[in-house]
Amino acid sequence: VQISFLPSFNEAGYVAELVDESLHAKRTDGFVLVRASYETQRLLADRQIPAVVHGTVYPSIERLASLTADMESVGKELTNYLLERGHTTFAYLNRQLAYGGDQRTIDGIRATLHAAGKGLDALTLRFLPAFDEVYLAEADCLLSQEPCPTGFICRTVRMAEAVEKSGELKGLVLGKDFDIVVCDCYLKPGERPRYVWARSQFSSEEQGRHLARLLVGQVQDAQSVGHETMPIKLGLPSPPN
């Protein structure tokens, strides 16, 4: 297994070099794409070599296998949890660059709020660059509004931590005055989750096996392009010691 980190500039050109090297080698290579650009996905789809997207395939691309979490269910499950907690105003904080999975999460949030009889003004969307000071400033702005969101759906733990800190600075109590849920949470061995979060029902090892099977299927049959969706469930935070 070779791990190649994609550059910030000329990503497709870099991947094209990897593909050319692979095609001239006396071996069969397979590619797993994580947060790859549209251009990179298009390149591998057009070359028709074994490749699988660990995430969402961009619209118009048809010849790439994929393993993706049910991101619409992520939005639905997290929103339902906040509704059950009695919240009526919500905020969704996302990365500045939104991927296909992020868009499906928003679809799930909106569908759930609509089913609960909530209007469009019940949800505030924010797309933010990855800087803690930006997260803190935006959380402060949202919590200063009237009425302010009390149910926060955060794409990352860093965003959630910023919202929690901003609330504490205003004298608000997490779990009483406002709640935070997280779309994804990477836990190190032995680490305990701090927030309710959406988690795949597949372990990391199971995801690896599914990715491998999708690649092997293409090696055995070039026309085999499988798409698998991982079901999700809510993970609950560990109680404080």
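What comes next concerns the included structure.

Reading guide: rules and limits
- Residues numbered from 1 in each chain as written.
- Predicted model: local features only at pLDDT ≥ 70, side-chain atom pairs only at ≥ 80, totals over all residues.
- Heavy atoms only, no water.
- Helix = DSSP H or I, 4+ residues; strand = E, 2+ residues; numbered from the N terminus.
- Buried < 20%, exposed > 50% of the residue type's maximum accessible area, 1.4 Å probe, protein only.
- Contact = heavy atoms within 4.5 Å.
- Lys, Arg positive; Asp, Glu negative; His and termini not counted.
- Charge placed at Lys NZ, Arg CZ, Asp CG, Glu CD.
- Pairing = 2+ DSSP bridges.

What follows covers the overall build of the chain. Within the chain one finds 7 helices and 10 strands. Projected onto its principal axes, the C-alpha positions of the chain cover 65 × 40 × 30 Å. Counting over 241 residues, the chain shows a buried share of 41%. Across the chain, every contact between residues at least 6 apart in sequence was considered, and the portion connecting residues at least 24 apart equals 65%. For the chain, the separation between the mean place of its 25 positive charges and that of its 31 negative charges on side chains is 3 Å.

Turning to the pairing of strand β8 (residues 196-200), a few remarks are in order. The buried fraction of β8 is high, at 4 of 5 residues. The pairing of strand β7 (residues 179-182) with β8 spans 2 bridges and is classified as parallel. By the bridge assignment for β8, Val181 is matched with Val196. Pairing geometry for β8 and strand β10 (residues 232-235), over 4 bridges, is antiparallel. Note that in β10 the partner of Trp197 across the bridge is Gly235.

With an omega of -5°, the peptide bond between Glu146 and Pro147 qualifies as cis. You can see Pro147 is positioned in the loop between α5 (132-143) and β6 (151-154). In this structure, Ser60 is a non-glycine residue whose phi angle is positive, near 85°. When you line up the elements, Ser60 lands in the loop between β2 (51-54) and β3 (65-69).

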